[in-house]
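# Tertiary structure, described
Each chain is listed here by its residues.
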Amino acid sequence: MIKRVVIPPYDKYELSTFVVKNETVYIGHYGAAGSTVEEQLENILKDLEKDLREINLTLENVVKLTIILKDIQDFRKIHGVWTKYFKEGNYPVRTTITSDFIDDTCLIQIEGVACYNF
């Protein structure tokens, strides 16, 4: 069975926040406001953390995140925020890519995978 979870503001975009199949949770796109890439990532991870609680998970359940940066020069800037939310020994797999975004103020987005049991 596939369970689709829609948490605002994603309900107005006709897409799921999470899709759950068996014990695997597919995390849809997350972006956030902020004037710097660090501030945007901080807000993204706070939102993700809050939304994961809605389905009885935490950031410790995240096994993979794809970081999408507007500017690859921001790669080193995100590390401090990353280690604030993910602790050594519990880092998820991470892939970082770049992309243009429709919104010029968007500097970073994420998507990923979490699991209930691993």
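As the structure is a computational prediction, the values presented were derived from the model and not from experiment.

## Observations regarding the pattern of salt bridges
Scanning the entire structure with this criterion turns up 4 salt bridges. Between Lys84 and Glu42 there is a salt bridge, with the nearest N and O atoms lying 2.8 Å from each other. Placement of the pair is Lys84 in helix 2 (residues 79-85) and Glu42 in helix 1 (residues 37-54), with a sequence separation of 42 residues. Of the residues examined, Lys84 reaches a relative accessible area of 49% and is grouped as partly exposed. Given the relative accessible area of 15%, Glu42 is considered buried. Residues Asp104 and Lys70 are paired through a salt bridge, measuring 4.0 Å at the closest nitrogen-oxygen approach. A residue pair is termed long-range when its members are at least 10 positions apart, and Asp104 in the loop between strand 5 (93-98) and strand 6 (108-115) and Lys70 in the loop between strand 4 (62-69) and helix 2 qualify at 34 residues. Using a relative accessible area of 63% as the deciding quantity, one classes Asp104 as exposed.

## Quick notes on the packing of aromatic side chains
Tallied over the entire structure, the rule returns 1 aromatic pair. Centre to centre, the rings of Trp82 and Phe86 are 4.6 Å apart; their planes meet at 45°, and the pair counts as tilted. Neither residue differs from the other here; Trp82 and Phe86 are each classed as buried. Here the guanidinium or amino end of Arg94 rests over the ring plane of Trp82, the centre of that ring lying 4.6 Å away.

Rules behind the numbers
Residues numbered from 1 in each chain as written. Predicted model: local features only at pLDDT ≥ 70, side-chain atom pairs only at ≥ 80, totals over all residues. Heavy atoms only, no water. Salt bridge = Lys/Arg side-chain N within 4 Å of Asp/Glu carboxyl O. Helix = DSSP H or I, 4+ residues; strand = E, 2+ residues; numbered from the N terminus. Buried < 20%, exposed > 50% of the residue type's maximum accessible area, 1.4 Å probe, protein only. Phe/Tyr/Trp six-rings, centres within 6.5 Å; stacked < 30°, edge-to-face > 60°. Lys NZ or Arg CZ within 6 Å of the ring centre and 35° of its normal.

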